[in-house]
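# Summary of structural features
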Amino acid sequence: MNYKPARKIKARRGRVYRGKEPFLKTKQMVHWEGLLELHYIRLADYDLQIDEIYYQPKCIRYFYKGKVRKYYPDFKLITKNKQIFLVEVKPKSKIHKEENQVKFQVGREYCVQMGWTYIVVTEDEIRPGYFQRNLMNLRRYATYSYDEKTASYILKKIQEVGPVRIIDFINHCPDIEESDYYTTIYQLIYKQKVEADLITDKLTDESVIRGVF
């Protein structure tokens, strides 16, 4: 798919974090400006309802303090049921600034005209507990080859066993090599076919997993 953002992201000097992150669902690279945006891309990729993401997709012009301004929302999302969201990623500390409140209103009004939805997300939604740390580790396994046969075997077993620690569950899977076992477990957690608590603690061998009913 050919796609051009509304604004070209240029390199800057100094302590400004910029880069590209793979969106695993579409295998496209998504630009980010600031670590909070990077973490939001990973969150969107993990969300089963989101199919596509585009960075700085629109230039919205508006009038503020006697001048015509340009507002570039951070991301555009398209969900499985074809709903469209414009997303502004903003630290909580900047939410109540007047210029940002004006942008938010401009974004909401634009989305009403388009039949879309406008949302503002902060670190509260993007970085709860250990979520981003766990997600970063799980994403590595999501890029590995996925074995349907091994996954089906594990899913059947975990439904039989019930809640169990990862380190103990391997004893219920004697037909699987240890490396394949761990790779597949983490892939299934990332795909949300196996449930694990990714917020309150680090994901380790001691973490409890369970089947998703």
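These numbers come from a predicted model, not from an experiment. Residue positions within a chain follow its written sequence, with the count starting from 1. Only residues with pLDDT of at least 70 get local features here, since the model is predicted, and only at 80 or more are side-chain atom pairs given and counted; chain-wide, interface and lining totals rely on the full set of residues. With hydrogens and water stripped out, all remaining heavy atoms of the structure feed into the side-chain values.

## Concerning the state of the cysteines
Disulfide assignment relies on a single distance test, namely cysteine sulfur atoms paired within 2.5 Å. One pass over the structure, following the stated rule, counts 0 disulfides. Unpaired in terms of disulfides, Cys111 finds its nearest cysteine sulfur in Cys59, a separation of 14 Å. Whether a residue is buried, partly exposed or exposed follows from its accessible area with a 1.4 Å probe, protein chains only, as a fraction of its type maximum: under 20%, in between, or over 50%, in that order. Relative accessible area serves as the criterion here: at 1%, Cys111 is assigned to the buried category.

## Brief notes about the sheet that holds strand β10 (residues 194-196)
The strands making up a sheet associate through hydrogen bonds between their backbones, and the pairing can be parallel or antiparallel. As summarised here, the arrangement of the 3 strands in space is β9-β11-β10, forming an open sheet in which the pairing is antiparallel. Of all strands in the sheet, those with a lone pairing partner are β9 (164-165) and β10, marking the two edges. Strand pairing is assigned whenever DSSP detects at least two bridges linking the two strands. Put simply, DSSP marks the helices as runs of H or I at least four residues long and the strands as runs of E at least two long, and each gets a number from the N terminus on. Alignment of β10 against strand β11 (residues 208-211), held across 3 bridges, turns out to be antiparallel. Bridging from a neighbouring strand, Val194 pairs with Gly211 of β11. Throughout, a residue-residue contact means that at least one pair of heavy atoms, one from each residue, lies within 4.5 Å. Note on method: axes are straight lines fitted to C-alpha atoms, helices fitted across the in-contact stretch only, with angles between N-to-C directions ranging 0 to 180 degrees. This element, helix α5 (residues 148-161), spans β9, β10 and β11 of the sheet and lies at about 100° to β11.

## Some details on the layout of surface pockets
Any residue with an atom within 4 Å of a point lines the site, the site being either a cavity, points on a 1 Å grid over the protein atoms alone where a 1.4 Å probe fits but cannot get out, or a pocket, an open set with protein on both sides within 12 Å along at least 5 of 7 lines. Grid points are joined across faces, edges and corners, and a volume is the space filled by probe spheres set on the points. By volume, the second largest pocket amounts to about 330 Å³. Listing elements by their share of the lining of the second largest pocket, those giving two or more residues are α1 (35-46), α4 (131-142) and α7 (178-190). By the convention adopted, Pro, Cys, Tyr, Trp, Phe, Met, Ile, Leu, Val and Ala count as nonpolar, Lys, Arg, Asp and Glu as charged, and the other residues, Gly among them, as polar. Here the residues of the lining of the second largest pocket sort into 8 nonpolar, 2 polar and 4 charged.

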